[in-house]
8 protein chains.
Amino acid sequence: MKLKDGDVLVFAGDSTTDAGKSATPDGLGSGYVRLVRDALYAFLPRQNFRVVNAGVSGNTTRDLLERWERDVAACDPDVLFCMIGINDVWRHFDNFDPKHAYISEDEYEKNIRAVCDKAAGVREFCLMTPFYMERSRVDEMRAMTERYTARLRRVAEERGVALLDMQAVFDEYMQGRPGQSICWDRVHPGNAGSMLIARAVLRSLGV
Amino acid sequence: MKLKDGDVLVFAGDSTTDAGKSATPDGLGSGYVRLVRDALYAFLPRQNFRVVNAGVSGNTTRDLLERWERDVAACDPDVLFCMIGINDVWRHFDNFDPKHAYISEDEYEKNIRAVCDKAAGVREFCLMTPFYMERSRVDEMRAMTERYTARLRRVAEERGVALLDMQAVFDEYMQGRPGQSICWDRVHPGNAGSMLIARAVLRSLGV
Amino acid sequence: MKLKDGDVLVFAGDSTTDAGKSATPDGLGSGYVRLVRDALYAFLPRQNFRVVNAGVSGNTTRDLLERWERDVAACDPDVLFCMIGINDVWRHFDNFDPKHAYISEDEYEKNIRAVCDKAAGVREFCLMTPFYMERSRVDEMRAMTERYTARLRRVAEERGVALLDMQAVFDEYMQGRPGQSICWDRVHPGNAGSMLIARAVLRSLGV
Amino acid sequence: MKLKDGDVLVFAGDSTTDAGKSATPDGLGSGYVRLVRDALYAFLPRQNFRVVNAGVSGNTTRDLLERWERDVAACDPDVLFCMIGINDVWRHFDNFDPKHAYISEDEYEKNIRAVCDKAAGVREFCLMTPFYMERSRVDEMRAMTERYTARLRRVAEERGVALLDMQAVFDEYMQGRPGQSICWDRVHPGNAGSMLIARAVLRSLGV
Amino acid sequence: MKLKDGDVLVFAGDSTTDAGKSATPDGLGSGYVRLVRDALYAFLPRQNFRVVNAGVSGNTTRDLLERWERDVAACDPDVLFCMIGINDVWRHFDNFDPKHAYISEDEYEKNIRAVCDKAAGVREFCLMTPFYMERSRVDEMRAMTERYTARLRRVAEERGVALLDMQAVFDEYMQGRPGQSICWDRVHPGNAGSMLIARAVLRSLGV
Amino acid sequence: MKLKDGDVLVFAGDSTTDAGKSATPDGLGSGYVRLVRDALYAFLPRQNFRVVNAGVSGNTTRDLLERWERDVAACDPDVLFCMIGINDVWRHFDNFDPKHAYISEDEYEKNIRAVCDKAAGVREFCLMTPFYMERSRVDEMRAMTERYTARLRRVAEERGVALLDMQAVFDEYMQGRPGQSICWDRVHPGNAGSMLIARAVLRSLGV
Amino acid sequence: MKLKDGDVLVFAGDSTTDAGKSATPDGLGSGYVRLVRDALYAFLPRQNFRVVNAGVSGNTTRDLLERWERDVAACDPDVLFCMIGINDVWRHFDNFDPKHAYISEDEYEKNIRAVCDKAAGVREFCLMTPFYMERSRVDEMRAMTERYTARLRRVAEERGVALLDMQAVFDEYMQGRPGQSICWDRVHPGNAGSMLIARAVLRSLGV
Amino acid sequence: MKLKDGDVLVFAGDSTTDAGKSATPDGLGSGYVRLVRDALYAFLPRQNFRVVNAGVSGNTTRDLLERWERDVAACDPDVLFCMIGINDVWRHFDNFDPKHAYISEDEYEKNIRAVCDKAAGVREFCLMTPFYMERSRVDEMRAMTERYTARLRRVAEERGVALLDMQAVFDEYMQGRPGQSICWDRVHPGNAGSMLIARAVLRSLGV
């Protein structure tokens, strides 16, 4: 992807993107979005960018689609990253309310296609895979996460959308340490995981 | 085990036992110890008991031994439950400070023997196994937990100490739902897990 | 009463049911409703239920009827428990504002009939008697409470509605200790009393 | 009793006297002691008095004796009121810890005698009976309170100490309304009960 | 004036009446209104009254008239006390904003007449004079206060309205101590002054 | 008085000087001391001074002498202002504790002499009269203040100490407005009075 | 400029004028506006003025114009001071959002003309130059500030509007000390700088 | 410099290093030290390091030397970075207390030599230059900073100590934007400046 001076960059997603943004006066949160913004600001002082955190904690693909117009499209992005789906999976493991509206693999794929439709006019658009910080591939939540991300990969390929494989980034990390070393719940990336995500985003932008 | 009117019951352990006791005026915390105390108080109104929460969050066997005299022995228990060890395991998964003093399987076994020595004069003494709320037996932290609890079982058997198999209690639960349904980190039992622990303790006391 | 997998359970009542629900993020309060929910969740992991706390502190039968549609009927309960009336009695003992609208025995009976009418379509419906934690039957507030609960019993019988006699549960307890041992005001059940109520509810459901 | 210009008045007791004194900058609390002080100050502007609140919440006679020298004697009172004993009774109704050190009628009498010994050199000394705001004389806590106050009356008579019968004051009130109209627990006097106590104290001083 | 069982008593006025009522859950404030209410409740337990604090800090006669319907008339008082005017005077001593709308003696008299008109249908109506706690009659603010209260006295007499001379009450007090002994600003009555006002009100009601 | 570059200026006194200094991080308070410091800093940028607020709220001359060594002398002042005495007077008007140790005119004079002794080695030393913001000279507190300041004037004259007549400054102000226009209690100078004091101090220093 | 008894004085501007006004109950802030108000109040007690702080932190000329009617004109000023423009400059140095609407020198001049148009009917109107507390004239932000203030001077001259040269006031100060001695950011005047501004304003009014 | 698995890294300095460490539970602050720690943890998962923030806000070289033993040496560092001196300079620009103990260029050099002596036994030791975020080299504070860093460079060269030229890093940044774009005071690096420092540190370590 190519950055241009003056670009608006938007990051859409869930709590991994949100990272407590309502508690920070500038709305950037304390996760990878801030690291990316700070790096662009510090390392490219001859260019200027607007960076927007459009993550909301707890969001599934369904929630993101519902708020797309006011939170994403309204920012008129030149560059758009979207990392969504771990909550679509996770609710199968932590929510057993009989009235809960679970999101199936099929709905996930359909929703990702809708995201791509909505992002059609953006100059640079990149999907990021959700990830689960468990290195055993037979873990049941890791396995389900991979089934969902397989759908996302398929959509990205069909549509010709750029893709950042975040699971691969964390798998490389987990060759050194288990996922709990980053976060007990194996989902929230904290400081160290945000560093990994930010590096991947910056490399994809050639920074 | 046999309860007698007027008994002092002490529960020694880590955060699973502690359950935020410093935030509750009566020092009982909000976990299984409170449920056990409330049940004894409510269901046996013709008898009276003193119940003490001697859990401290983050404790390993080494930490518990260090404070045994002032926190456990000083209460002069008639009935004593001790559930300790998950932090001995967990630190191998979340702490990578090169100066950290990890607790090996051998030290764990040695420490559990020391606990048994110190509990020698207590009328009713019961070891409870630590547990990990992951139903895959090939999960690496579950596997390590089982190696440690195997040591604990061996000590209990050799010493003729009563044993409550808490891992078995949670395995039964996990035939219905994954461990994350109780807590994202698969360690802290929260409300539902405390209910399971309290039921096991009460049954062991014949209540 | 019979529980079925997927049932919605609603508990309607006053402060005994409410138990500080606005201070707990999940709205369950810290009384018997939470204990029932936790027990169902922990002990029946192969089934799933939605549990709703529909108690409001200070409510009389008149107040409960006023909010029935939005707080109870709107939840579409499969199983419904209703324990209401102690405030109908209590206001005769602690409120002497000359403009206060006291609720007579007759109005109480009329209101309980209205509750039964509104609960007509619910699959499992159970009335619970209010109770007063004073073991002397000649105590004036206990005596008045019994006059009101006599009306409730009559309605339950006529209508063929299930009935849980909570006064009997507390009378059994008070053979061991006076009511003040649970709460100074002899009305709010606290931890130990909530344990008694939850046990009665769970037994009625066959758990 | 006779007040003299310049007198130091001390009120020793439990929570009825304390009335939250640590929350008021001048240490007078918000109960009858403040009302007495304000009335003396307002109605006798040509005389000046020092008034000291020496009540401590939860105190029994045993606790009061333990702190007598530093809290009461150290004030060098000219006029001393002492109302103590309801906690000696109450703990039999709300505390069932098997290690609790209950205070028997005999110990209560012994402790009241010790109070009289310590107060020997005070110019004006007055015992006030503890009271229980329940109008049924067959109530078990009221009955026990009366057995204890009978002991106090006997000591006062033998020693020739002035006595204020606070139970009689509240009995008169309870001919109009039940005790719960003042406080749900029938022990703490709140605003209305403090008014009754203050009036009795002031009348005994001829104000 | 005559109290009847079931009466609604309303006290209209300024900060002397208000006494921080918004900080007390029952809206009675911590001044003389509470003392009057507590005394009625405690000393006349066979009768019941509703007591309303209708004072608002900073009010002048003009402010009180503006809110009369919603704050006073809406309570439908059987017994009404009104003490207002010190702010009409005080603003001449502490406010020098050139746009300030001062209240003249003439407007004060006119406003008091309007108060009397509005209170016409109340069974028992009593005006209370404002007061200034300075014993020197040549003090300029005391002098102005007296000119205003002279107008109030004239209106009360013409209309045949009961009158409580609060300045006289405080003058009696100030024969013993200067006004600063109650409050540095000589306006707010605090605890001791509230005691004096409450006694005057209660005496006027024959309590 | 003469300022020299590098001087340490100390202001000793009571609440008029203190002005809430413990609530301001630099310990200067929000009264005249800050205004003087700011003016020196702003208007004489080629010279530098250290300014110390050595006022303590509630202090009498007796209190000031007690802490002189550690609070005043320890600062090694080159220029010293001392304004003390209003509390010596005021306690006669607001404190009627029979054990209170009042300060007589004679003690006041003796204490001021002691202040002068202690200040003997300071290069520039100036006494400031206490003041009372009441323009009627027959007011009883004003009259007493003047008796005390007469003693101070006498001492200053005998010892040849510089004197700032702050009462005169406020009398001039009070030809326009009454003292309450500055503060209801006529003692604390607030913003406007601090402005007057600061101007007087600065003029005495030729700034 | 000429002050008249009864005048309304309004100060329009940015954070230098605002000075935290929302944190002060009277809305005057803690900067030069308060000092001016206090000085007028203290030094001219025979005259009375209303002083209004119409500064808002962060305002540019564009922001001020937008709110002129409701914040400035609505006060109906007799005397009006306006100091605005440092934010018009500063944003070129601290804001690099590519969508930011910078204010050019030309727009600044146009906006100042609009301010003059709106202030046309005010009896006494005075422009104050923005200032930058850096004594090196080759500093880039100082240089830009001077280009903007040159425009303001030109407008003032053409329109015949009074002008206070605040940069000159601070330059004089900075002959003694660098600008950082007042504030690290060289923009906010703090206590010492407010003293300088207030003195300039008061001198312009002949006080 | 060479990192080895298991190294302890210590960063000694002032507020640039401290970055609010007392407000973060792990004591790392929110500046470059955290970024370095996170990057090491994230990017080198096969190695483990302990990272210590030994910065204290406001420190000069003199302050750092005073606490060296307990804050730096006590950590037994394998790798040590030290960035100190901007406060030695800054106090000449913002502190004009005549008693202040300024640090001259000569003392600065002497102190840096003492730092080098104390760091003698550390395996990898690196001095970092202080920096001032003003791009004009004729700015007076920049000029003084450069005189001090010239001394530091000389010492580093003589002693053969590694040196990171942080001023050069910020000069490169300031070719794009002025220093105020990072922080109004041109001293504290905030998020963007911390990114620049962290990158320089990591590069020096070959990460």
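Structure: above.
These numbers were taken from a predicted model, which means no experiment stands behind them.

Quick look at the overall build of chain A
Along the backbone of chain A there are eight helices and five strands. In sequence order, the secondary structure elements of chain A are arranged as β-α-α-β-α-β-α-α-β-α-β-α-α. Taking 2.2 N^0.38 as the reference for a compact globule, 207 residues should give roughly 17 Å; the C-alpha atoms of chain A span a radius of gyration of 16 Å, in line with that estimate. Principal axes of the C-alpha set define a box for chain A whose edges measure 50 × 35 × 35 Å. Sequence separation of 24 or more characterises 77% of the internal contacts of chain A that already satisfy a separation of 6 or more. Surface accessibility of chain A: about 7600 Å² in total, with carbon and sulfur atoms responsible for 48%. The centroid of the 28 positive side-chain charges in chain A is displaced by 3 Å from the centroid of its 31 negative side-chain charges.

Some words on the interface of chain H and chain B
Taken together, the contact between chain H and chain B spans seven residues of the former and five residues of the latter. With both sides pooled, the region where chain H packs onto chain B buries about 500 Å², and carbon together with sulfur makes up 55% of that total. When the buried surface of chain H facing chain B is broken down by residue, H:Tyr41, H:Asn48 and H:Arg50 rank first, second and third, together holding 70% of it. As a salt-bridge pair, B:Asp97 and H:Arg50 come within 2.9 Å of each other at their nearest N and O atoms. At the boundary of chain H with chain B, the tally comes to one residue pair in polar contact (both at pLDDT 80 or more). Taken together, the residues that form the side of chain H that touches chain B break down as three nonpolar, two polar and two charged.

What to know about the sheet that holds strand 2 (residues 50-55) of chain D
In any sheet, the strands associate via hydrogen bonds between backbone groups, in a parallel or an antiparallel arrangement. All names here are of chain D. Here we have five strands laid out as an open sheet, ordered 2-1-3-4-5, and parallel in their pairing. The outermost strands of the open sheet, each flanked by one partner alone, are strand 2 and strand 5 (162-164). This sheet shows a mean twist of 20 degrees between the axes of neighbouring strands, independent of strand direction. Here strand 1 (residues 8-13) runs beside strand 2; their pairing, made up of six bridges, is parallel. Bridge pairing links Val 10 to Val 52 in strand 2.

Here we look at the packing of aromatic side chains
How two aromatic rings sit relative to each other is set out by the distance from centre to centre and by the angle between their planes. As enumerated under the stated definition, the model contains 40 aromatic pairs over all chains in all. When the ring of A:Phe11 is compared with that of A:Phe81, the centres are 5.1 Å apart and the planes differ by 10 degrees; the resulting orientation is stacked. In this pair, A:Phe11 is assigned in strand 1 (residues 8-13) and A:Phe81 in strand 3 (residues 79-83), connecting sequence segments 70 residues apart. Each of the two residues, A:Phe11 as well as A:Phe81, counts as buried. With centroids separated by 5.3 Å and ring planes inclined at 50 degrees, the aromatic side chains of H:Tyr108 and H:Tyr148 adopt a geometry described as tilted. Taken as a pair, H:Tyr108 in helix 6 (residues 105-118) and H:Tyr148 in helix 7 (residues 140-159) lie far apart in primary sequence, 40 residues in all. With respect to burial, H:Tyr108 and H:Tyr148 carry one shared label: buried. Here the aromatic cluster, defined as three or more aromatic residues joined through ring pairs, consists of A:Phe11, A:Tyr32 and A:Phe81. Here the basic side chain of C:Arg199 rests over the ring of B:Phe43, its NZ or CZ set 3.8 Å away from the ring centre.

Quick word on the relation of the copies chain H and chain B
Of the transformation placing chain H onto chain B, the axial shift is 0.0 Å and the rotation is 90 degrees, giving an RMSD of 0.1 Å. Taken together, these values place the two copies in the relation of a four-fold axis. Among all residues of chain H, the minimum C-alpha distance to the rotation axis is found for H:Ala23, at 15 Å.

Rules and cut-offs
- Residues numbered from 1 in each chain as written.
- Chains lettered and ligands numbered in written order.
- Predicted model: local features only at pLDDT ≥ 70, side-chain atom pairs only at ≥ 80, totals over all residues.
- Heavy atoms only, no water.
- Helix = DSSP H or I, 4+ residues; strand = E, 2+ residues; numbered from the N terminus.
- Rg over C-alpha atoms; globule rule 2.2 N^0.38 Å.
- Contact = heavy atoms within 4.5 Å.
- Areas by Shrake-Rupley, 256 points an atom, 1.4 Å probe, with all protein chains shown as cover.
- Lys, Arg positive; Asp, Glu negative; His and termini not counted.
- Charge placed at Lys NZ, Arg CZ, Asp CG, Glu CD.
- Buried area = accessible area lost by both parts, 1.4 Å probe.
- Salt bridge = Lys/Arg side-chain N within 4 Å of Asp/Glu carboxyl O.
- Polar contact = N/O pair within 3.5 Å; in protein donor to acceptor, adjacent residues only side chain to side chain.
- Nonpolar A, V, L, I, M, F, W, Y, C, P; charged D, E, K, R; others polar.
- Pairing = 2+ DSSP bridges.
- Axes fitted to C-alpha atoms, helices over the stretch in contact; angles between N-to-C directions.
- Phe/Tyr/Trp six-rings, centres within 6.5 Å; stacked < 30°, edge-to-face > 60°.
- Buried < 20%, exposed > 50% of the residue type's maximum accessible area, 1.4 Å probe, protein only.
- Lys NZ or Arg CZ within 6 Å of the ring centre and 35° of its normal.
- Least-squares fit on C-alpha atoms with pLDDT ≥ 70 in both.

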